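Here is what each chain is made of, one letter per residue.
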Amino acid sequence: RAREWAGAKPDEMLRPRTAEEAARKGIRYMAMLQCDDGHFAGDYGGPMFLLPGLVISAYVTGAPLGPRAPAMVTYLRNHQQVDGGWGTHIESPSTMFGTVLNYVALRLLGVPRQPPTH
């Protein structure tokens, strides 16, 4: 992202003299990394306790998840263990902590208590 940035780049050689200058330089740097839609891309896949935290926070604050919700359900379902639970990481066995967090997240995302049988 930083190489593609068309805006003003912070001078790497210039040392900030004040806290405000340091903050402004940091903001310019972070703006270079920010994607066009406003998010900061990164590969932090694996932990199964982050998405439930986002879902629960959105529920508590009333922030709509909008069209992202179905993708969240798919992600959680794709990483459900064969025993029906979730671990704290996609590669860990099911734990009570991981299962409760992800189950609550699914319920808040609108998944029924028991999925319909086909």
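Given the structure is predicted, the values throughout are model-derived calculations rather than measurements.

Quick notes on the overall build of the chain
Helix and strand counts for the chain come out as four helices and zero strands. The helix and strand sequence of the chain, counted from the amino end, reads α-α-α-α. Against the globule reference of 13 Å for 118 residues, the chain gives a C-alpha radius of gyration of 20 Å, more extended than a compact globule. Seen through its principal axes, the chain has C-alpha atoms that stretch 60 × 30 × 25 Å. Per-residue burial over the chain gives 23% buried out of 118 residues. Contacts in the chain between residues far apart in sequence, at least 24 positions, make up 50% of those at least 6 positions apart. Put simply, the chain shows about 8900 Å² of open surface, and 60% of that area lies on carbon and sulfur atoms. Averaging the coordinates of the 12 positive side-chain charges in the chain and doing the same for the 10 negative ones gives two points 5 Å apart.

A closer look at the nonpolar core
In this structure, Val-55, Leu-65, Met-72, Leu-76, Leu-106 and Leu-109 are the most contacted members of the largest nonpolar core, which totals 14 residues. Taken together, the elements giving at least two residues each to this core come down to helix 2 (50-61), helix 3 (69-78) and helix 4 (96-108). The leading source of residues in this core is helix 3, at four residues. Excluding residues within four positions of it along the chain, Leu-65 makes contact with Val-55, Ala-58, Met-72 and Leu-109.

Description of the side chain of Ser-92
Locating Ser-92 in the fold gives a position in the loop between helix 3 and helix 4. With a relative accessible area of 16%, Ser-92 lands in the buried category. Excluding residues within four positions of it along the chain, Ser-92 makes contact with Gln-81 and Gly-87.

Here we look at the packing of helix 3 against helix 4
Where helix 3 contacts helix 4, the axes come no closer than 10 Å and their chain directions differ by 150°. Considering the angle they form, helix 3 stands roughly antiparallel to helix 4. Helix 4 is crossed by helix 3, and the crossing has left-handed handedness. Mapping the contact onto sequence places Val-73, Leu-76 and Arg-77 in helix 3 and Asn-102, Ala-105 and Leu-106 in helix 4. For the contact of helix 3 with helix 4, a count of residues per class yields four nonpolar, one polar and one charged.

Comments concerning the environment of Gly-66
Structurally, the position occupied by Gly-66 is in the loop between helix 2 and helix 3. Given the relative accessible area of 44%, Gly-66 is considered partly exposed. Sequence-wise, Gly-66 and Pro-10 are 56 residues apart; in three dimensions their C-alpha atoms are separated by 35 Å.

What counts, and at which threshold
Residues numbered from 1 in each chain as written. Predicted model: local features only at pLDDT ≥ 70, side-chain atom pairs only at ≥ 80, totals over all residues. Heavy atoms only, no water. Helix = DSSP H or I, 4+ residues; strand = E, 2+ residues; numbered from the N terminus. Rg over C-alpha atoms; globule rule 2.2 N^0.38 Å. Buried < 20%, exposed > 50% of the residue type's maximum accessible area, 1.4 Å probe, protein only. Contact = heavy atoms within 4.5 Å. Areas by Shrake-Rupley, 256 points an atom, 1.4 Å probe, with all protein chains shown as cover. Lys, Arg positive; Asp, Glu negative; His and termini not counted. Charge placed at Lys NZ, Arg CZ, Asp CG, Glu CD. Core = buried A, V, L, I, M, F, W, Y, C linked by side-chain atoms within 4.5 Å. Axes fitted to C-alpha atoms, helices over the stretch in contact; angles between N-to-C directions. Parallel < 35°, antiparallel > 145°, perpendicular 65-115°, else oblique. Left-handed = near helix turned anticlockwise from the far one by under 90°. Nonpolar A, V, L, I, M, F, W, Y, C, P; charged D, E, K, R; others polar.

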